[in-house]
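One letter stands for each residue in the lines below.
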Amino acid sequence: MKIDLDDLNAFVAVARAGGFREAARLNGSSASGLSEAVRRLETGLGVRLLNRTTRSVLPTEAGQGLLARLAPALTEVEAALDVVNGFRDTPAGTLRLNVPVSAARLILPDLVPQFLAAYPDIRLEVITDESFVDILAAGCDAGIRYDERLQQDMIAVPIGPTTQRLATAASPAYLEKFGRPDHPRDLLKHACIRGRFASGVIPPWEFERDGEVLLIEADGPLIVRIGGATDLAVDAAIAGSGIIMLFEDWLQPYFDSGVLAPVLEPWWQSFSGPFLYYPGRRLVPAPLRAFIDFVKAANDRKVR
């Protein structure tokens with residue numbers, strides 16, 4: 001029985017992604033091509049590997065067994081091939097990063113253009129996601145998260161600013177109409193624009209001053225999905241709908257233009273910057289190794 005390695009890879013990609021379209025998006029291929037590859041594999045093996053419905057694609061019992069044994073083996077094959085890639089003058093291949101929207105907005109723009117220019121044979125794919133994810137199961141090589149959201153058994157490298165702050169802001173028109181809060185507890189009397197994670201959690205607003213930490217469960221007329229609808233929240237704040245809390249770096253251009261004004265700045269809390277993280281139990285692919293070295297070099301330049 002002759003089985004094509006590409007067909008096995010197609011099955012793993014679809015099973016991990018939970019669908020042909022999502023697998024095609026993650027792998028830069030076509031859904032029809034993946035479907036045909038899985039069909040060939042099932043015909044060659046004489047057993048159904050995936051249950052397909054209009055809403056989902058899930059492995060059968062046989063498919064689950066094959067996936068459990070096959071995925072680690074294919075990872076080793078990829079690692080073996082990447083050893084050869086390491087002998088190239090210039091690393092080549094695809095690098096997939098799973099990052100929050102804030103990193104795509106505030107961290108990567110300073111790195112990506114220079115990285116792509118330095119490594120023209122690497123294709124970078126950036127996937128934005130605010131959830132806790134298994135980067136390997138999601139088909140990614142590495143991710144960017146903050147220390148409290150890092151997965152266990154991961155190697156972490158600082159990326160971007162070493163410290164950041166969350167800032168609160170409102171439009172001058174809002175502050176003129178409703179007054180300026182002098183203390184975080186005053187926010188309980190104001191309209192606040194809140195964010196909700198994909199998990200459903202609406203995090204409290206956290207403030208700190210002289211060692212005193214306050215968690216404020218503010219309320220207001222608008223709740224947005226953190227990440228995907230953040231720009232809507234900013235637009236609403238500019239229009240005078242309420243007070244917003246967001247990364248200071250994100251809001252700084254609006255402070256500079258005067259359409260938003262800082263609120264409660266002495267209470268803004270500082271925290272450590274984000275990390276690039278990746279599994280430490282496997283050979284690092286050449287494109288990821290190139291990116292790690294590029295990030296470390298950027299960190300060294302900041303220190304000097």
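As a reminder, the structure under discussion sits directly above these lines.
Below: a short report on this structure. Everything quoted here is computed from the prediction, not taken from an experiment.

Positive phi outside glycine occurs at Asp210, with the angle close to 50 degrees. Following the sequence through the fold, Asp210 ends up in the loop between strand 9 (205-209) and strand 10 (212-216). With a relative accessible area of 77%, Asp210 lands in the exposed category. Residues other than glycine seldom take positive phi values, yet Leu264 does so here, at roughly 60 degrees. If you trace the backbone, Leu264 turns up in the loop between strand 13 (261-263) and strand 14 (270-272).

Looking at the secondary structure, you find Thr128 in strand 4 (residues 122-128). Assessed through its relative accessible area of 45%, Thr128 is described here as partly exposed. Each C-alpha atom of the pair Thr128 and Ser102 lies 9.0 Å from the other, and the pair is 26 residues apart in sequence. When sequence neighbours within four positions are dropped, the list of residues in contact with Thr128 reads Val99, Val101 and Ala104.

All chains considered together, the criterion is met by nine salt bridges. Notably, a salt bridge pairs Asp7 with Arg40, separated by 2.7 Å at the nearest N-O pair. In this pair, Asp7 is assigned in helix 1 (residues 5-17) and Arg40 in helix 3 (residues 31-45), connecting sequence segments 33 residues apart. Using a relative accessible area of 6% as the deciding quantity, one classes Asp7 as buried.

For the rest of this paragraph, the subject is the nonpolar core. Core analysis: the largest hydrophobic core is formed by 46 residues, its most contacted members being Leu95, Leu97, Phe115, Ile159, Leu251, Leu276 and Phe291. Tallying contributions element by element places helix 10 (residues 286-303) first for this core, with seven residues. Leave out the neighbours within four places in its chain, and Leu276 touches Leu97, Ala142, Gly143, Ile144, Ile155, Ala156, Val157, Ile159, Phe291, Ile292 and Val295. Counting 20 residues, the second largest nonpolar core, distinct from the first, contains Ala23, Ala37, Val38 and Leu70.

The rules behind these values
Residues numbered from 1 in each chain as written. Predicted model: local features only at pLDDT ≥ 70, side-chain atom pairs only at ≥ 80, totals over all residues. Heavy atoms only, no water. Helix = DSSP H or I, 4+ residues; strand = E, 2+ residues; numbered from the N terminus. Buried < 20%, exposed > 50% of the residue type's maximum accessible area, 1.4 Å probe, protein only. Contact = heavy atoms within 4.5 Å. Salt bridge = Lys/Arg side-chain N within 4 Å of Asp/Glu carboxyl O. Core = buried A, V, L, I, M, F, W, Y, C linked by side-chain atoms within 4.5 Å.

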